[in-house]
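Chain by chain, the residues:
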Amino acid sequence: MTDAALDGKKIVSTVGMIVTLTSFAMLFATLMMGFAIYRFTTPVWPPQGMVRPSLLIPSLSTLSIFLSSMSYIWYEKNLKDKRGLYLTFGLGLIFMRLQFLFWSTLRSEGIFASSGIFGSIIYAFTWVHAAHIIAALLLLGWHIMQIHTNETVSENTITNIGKFWHFLGIVWAIMFLTIFVL
Amino acid sequence: MAFFEQHIHDAPTTFLSKYVFSFDHKVIGKQFLWYGIIFLGLGGMMALLIRWTLAFPGQPFPVLGQYLFPQTNGVVPPDTYAMLFTMHGTIMIFYAITPILIGAFGNFCIPLMIGARDMVFPTLNMLSFWLAVVSAIILVASLFTPLGAAAGGWVSYPTLSLLAGSPGIGQTMWTIALFILGVSSTMGAVNYIATIITLRAPGMGYFDMPLTIWGLWLTAVLNAIFLPVLGAGLLLLTFDRVLGTTFFAAGAAATSGSGDPLLFQHVFWIFGHPEVYILILPAWGIVSDLLSFFSRKPAFGAKSTALAMTSVTLLSMLVYGHHMYTTQMSPLLTQSFMMLTMTISIPSAVFFANWLGTLWKGSIRFDTPMLFSLGVVFVFGLGGLTGLYLATVTTDIYLHDTYFVVGHFHYTMAASVLLGGFAATYFWFPKMFGRMLNEFWGKVHFWITIAGLNGVFMGMMILGYAGMHRRLYNPFIYEFLQKLIPLNTFVTVSAITMGAAQIIFVWNFIYSMFKGPVASQNPWNVGTLEWTIPSPAPHYNFKDIPIVKCGPHEIGNPNLVGRDFQYQTEEVAKA
Amino acid sequence: MKSFLEQIKPPLDISTNGHLIDYLFNYTTLLIAFFFLLVCIGLFGFSYFYSKKKHPKPFYVHGTSKKHILIVAGIASMVFIMVDMKITGISNHDFVNVFINWPEETADVVRVEVLGQQWAWNFRYPGPDGVFNTEDDIVTLNDLHLPIGQKIVFQVTAKDVIHSFYIPNTRMKLDAMPGRVSKMWVELTTPGNYEIACGQICGTFHYKMKASLEVHTKEDYQKWLKSSYERTKYTTDAVNPDVFWGWSWVASTK
Ligand code: HEA
Ligand code: HEA
Ligand code: CUA
Ligand SMILES: [Cu+2]
């Protein structure tokens, strides 16, 4: 392909990705708006004498997803060695594992999805986010496959997957701060 | 400007790759058109059932009745009535009008009119169609579930739409179907936006795009931003129904800890109001173009029309509260929403004036597409202006949830957008199928339709002002509504008339596809890019990408010799 | 068989404020009729005079000249100033000074609690002690009795799903939502029997959710209060919790 065509494709996929991420952002923004309304219309938070879940596991998840983003950036910096990519994938898996752990501990702490608005929010939001993480992991897996069957991978794919992954990281960070810490 | 040139793929050969799982935007467009027309038929039949019940309560629906409702030997039962208007609303908005205006003409027109060989993401395009099909299957299947389909109105407010209010699986399927459709439409929107930004033929600036493209583009922007909002709402609703969360549960429905049903209304209308402009923006664009093409003169103030549409798009994000006046928001909110809603009529008036300016001193040809476009100007005048009664809080306190609202939005959607869709169909049919639709029957279709729909929707307005509220199985158990029986009968008769007209259309459509007179390359003598190529358009659209040298409406220039219009690929003729 | 104009009249206005809404409606109609006339003149007039036959040579103009832009801008601002500003002004005025201008809740004000449920309207009067949710409350089902010449304040909520408390004869409507209490006030003028409806879809029998509104003169109303108070002495039993669906009146904030 000619260079012109190449950076043509680059621009196109960038535009596409930006629009896509805007849509995803609106999805999470709406959830956040919902949270804000519940949060500020209820006098005491958490309501109905609920206790906040311990911050331990969520913080670990935050750490893992942060590191995974870092390692992906590293991978993007030097595409030659693939360790960055594997690390990202691994940390992503760890994040998911932690999420499941988190949900089971919630249950053991007596916070259920059906037990009032507080539980609903924590569960529903993490569910939605986790669903996206899984999708992103599938993307990463597919990309790893690409490498192994060493077909030619365009840089766009890599940067776009990256954008999506970092985006999910940011979303998690916001969720962590708003619904767990504050 | 085009950032790169898509290369010509060789034509698909197998039946599957050609007609079913096609990447070609034109084929996908046609698929969406069929999808839309079929659902228009379905939704229309439901409308007729609704109308029948309202005009002749307790009387069996002729012919079809005893097959549809054997247990009541032909009479529509009350619970079914609720399903009927819910499904009618949902189907007409999301499965009939959206596919026709955005799915069909969006796909068909965008690449052709901006001089591209296809959408930027053909695969995504195909996916978007087949997701829409999946969603349609789920929705239709919900009609056959034990407790029947969703019955909470097309807005399906909780707590009625929660398990407590509607235990059937139908409501859940409705929610999921709509979510999937949302994903599909968002995919489409991403595709449209990216295509229009990156694939415009060299030389085509934004203001050289036909206004049709402007409309479709703004629509896509609104879709990409606000469908996810609905998506979030639907997700939470599904969680509430399936996984026992309590976001919207309150009152008796709330087992433990209470959510807030009102939140859903906010989320729904944050999406819902932009949605109504999502529906009408393409129609506005199409009409603005056609008026100019058939008055044989440039679109009056095309640039200001485009800007007006843009400002409507922006304003539409700030007015959703006018659907919730009677929920008693804080007075301050109510007042600001009233004010903001009002401002929308400024840009609207701008392009109305431009439309009339386009007709002014033109040389008007009354071909069918033009008739429908003129029809849109008429009915949208009514539809839009009646919006103002609803925009003022105090009158809305009385009119809210009456047939006045129903009349308003049928004038805007079922009249303006529908006619816009028909205009587009008659106009682009030659480029789609290489044959012309029958002019005579087209005109018949127009006159019957416009007569019928004014009967129906003006009737609804009057009913509403007389106090008849919405979603009533049998209004006449109220004394103050009994005097309205004759009027309701009249509305129903008009609706049947209108329906009949649509059968003419469908017949004309199918017949002309195969037997219609063969269309020339440029039957309407207009200069936009799609008419520079043969009809029907070849699968690669443009053998070599055109270079754009002038705007889309260069018609009637006195310096032109031979023909009274020029193609966008030509320099503006100078003396 | 009433005449057509008879048929399309809204129900008789029995309130002191309904006429405000009717007035604004008619006023809006007037303004809108004018502008729609303009549209029609343009639409049909131009179609007639500038048809291909009558006017074969189109006038080549892009409408981008200063003059044209000014005309368009003029029309737009005409719509805004002549229609929007006017009706918004009136509506806002009525809204602030009448409809959300809650009456001082003196002894003279009639207070009623309204509970919507599938598919009926429950009404609750405080009874002699003036306190809601006590044994002497007067509770009625689908049967609302009100006096003329006294301000009436409703507090409205719903038990199960969203309903809408709709009194056509007063042009008033208010959503009844589970989990929140909203309020509305009216003052009636004409005794008689009228209808109350539910405006919001609330399930299969939404259309049957109808209550009767009996408007009395002050004296008759007092009589009715007395008689029904006597009745409630025997009907309401103190132990049945279901009877006490009311809530302690939310004091008006103003
Ligand atoms: C395509 C769809 C569409 C469009 C375009 C509109 C346009 C508008 N709508 Fe409508 N509306 C709906 C679809 C639409 N609506 C639907 C579906 C509902 C109900 C949903 C439900 O409850 O089920 C609804 C409900 C609805 C309500 C809520 C009513 C209620 O539930 O109580 C309100 C209230 O403000 C409203 C207002 C408006 C306004 C102010 C406009 C404005 O955009 C109108 C602007 C246009 C004009 C003002 C006319 C143009 C100007 C002129 C003609 C001036 C003259 C010009 C010259 C002389 C040159 N609409
Ligand atoms: C764009 C959207 C759209 C369209 C086109 C229509 C079209 C029509 N609608 Fe619809 N309507 C809505 C959107 C629409 N409606 C919505 C959103 C609601 C609110 C739902 C709710 O309350 O939640 C509603 C509610 C609604 C009601 C109120 C129900 C109630 O509140 O109780 C009524 C009552 O008369 C009605 C009537 C009609 C009629 C007579 C038509 C006519 O225009 C129909 C004319 C068309 C036909 C008769 C069929 C066309 C025939 C063919 C195309 C040929 C057949 C083709 C094949 C077989 C392939 N509609
Ligand atoms: Cu209660 Cu409708
Ligand atoms: Cu709106």
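See the structure above.
Computed from a predicted model, the values in this text were never measured in an experiment. (Residues numbered from 1 in each chain as written. Chains lettered and ligands numbered in written order. Predicted model: local features only at pLDDT ≥ 70, side-chain atom pairs only at ≥ 80, totals over all residues. Heavy atoms only, no water.)

### Section: the coordination of the iron atom of ligand 2
All names here are of chain B.
And then number 1: Each protein donor to the iron atom of ligand 2 is listed here as His-88 (NE2) and His-410 (NE2); together their distances run 2.0 Å.
And then number 2: Here the iron atom of ligand 2 binds six donor atoms, and the angle range of 88 to 178° at the metal identifies the geometry as octahedral. Here the residue His-88 occupies a position in helix H4 (residues 78–114), and His-410 occupies one in helix H14 (residues 403–433), the gap between them amounting to 322 residues. (Donors = N, O, S within 2.8 Å, 3.2 Å for Na, K, Ca; no water. Tetrahedral: all angles 85-135°; square planar, octahedral: opposite > 155°, others 65-115°. Helix = DSSP H or I, 4+ residues; strand = E, 2+ residues; numbered from the N terminus.)

### Examining the sheet that holds strand S1 (residues 110–117) of chain C
The strands that make up a sheet pair up through hydrogen bonds in the backbone, lying either parallel or antiparallel.
Residues and elements named next belong to chain C.
And then number 1: Pairing within the open sheet is mixed, and its five strands lie in the order S3-S2-S1-S5-S8. Edge positions in the open sheet fall to strand S3 (138–141) and strand S8 (182–187), since each of these has one partner strand only. Direction aside, the axes of adjacent strands within the sheet are offset by 25° on average.
And then number 2: Relative to strand S2 (residues 120–125), S1 runs antiparallel, the two being bridged by five bridges. (Pairing = 2+ DSSP bridges. Axes fitted to C-alpha atoms, helices over the stretch in contact; angles between N-to-C directions.)

### Let's talk about helix H3 (residues 83–108) of chain A
Residues and elements named next belong to chain A.
And then number 1: For H3, built from 26 residues, the straight-helix expectation of 38 Å at 1.5 Å per residue is met to within 8% by its first-to-last C-alpha distance of 37 Å.
And then number 2: Close packing links the buried residues of H3 with helix H2 (56–77), helix H4 (116–148) and helix H5 (155–181).
And then number 3: Where H3 ends, the next residue or the one after it, Gly-110, has phi of about 85°, a positive value. (Expected span 1.5 Å × (residues − 1). Contact = heavy atoms within 4.5 Å.)

### Examining the interface of chain B and chain C
Frequently, the measure chosen for interface size is the accessible area removed from exposure when the parts meet.
And then number 1: Residue-level contacts link 93 residues of chain B with 89 residues of chain C.
And then number 2: Note on chain B versus chain C: buried area summed over both sides is about 7,900 Å², and carbon and sulfur give 69% of it.
And then number 3: Between the two partners, chain B and chain C, sit one salt bridge.
And then number 4: For Asp260(B), the salt bridge goes to Arg180(C), with nearest N and O atoms at 2.9 Å.
And then number 5: Our count for the contact surface shared by chain B and chain C stands at 30 residue pairs in polar contact (both at pLDDT 80 or more).
And then number 6: With nine residues, the single largest contributor to the side of chain B that touches chain C is helix H11 (residues 345–359) of chain B.
And then number 7: Within the side of chain B that touches chain C, the residues separate by chemical class into 53 nonpolar, 28 polar and twelve charged. (Buried area = accessible area lost by both parts, 1.4 Å probe. Salt bridge = Lys/Arg side-chain N within 4 Å of Asp/Glu carboxyl O. Polar contact = N/O pair within 3.5 Å; in protein donor to acceptor, adjacent residues only side chain to side chain. Nonpolar A, V, L, I, M, F, W, Y, C, P; charged D, E, K, R; others polar.)

### A look at the interface of chain A and chain B
And then number 1: Contact residues are listed per partner, giving 31 residues for chain A and 33 residues for chain B.
And then number 2: Between chain A and chain B, roughly 2,500 Å² of surface is buried when both sides are summed, and carbon and sulfur atoms account for 81% of that area.
And then number 3: Of all residues in chain A, Val12(A), Met26(A) and Tyr38(A) give up the largest surface area on contact with chain B, accounting jointly for 19% of the area buried on that side.
And then number 4: Applying the counting criterion to the chain A and chain B interface returns zero salt bridges.
And then number 5: Seen at the junction of chain A and chain B, the total is three residue pairs in polar contact (both at pLDDT 80 or more).
And then number 6: Per-element tally for the side of chain A that touches chain B: the top contributor is helix H1 (residues 3–41) of chain A, with 19 residues.
And then number 7: Of the residues contributing to the side of chain A that touches chain B, the split by class is 19 nonpolar, eleven polar and one charged.

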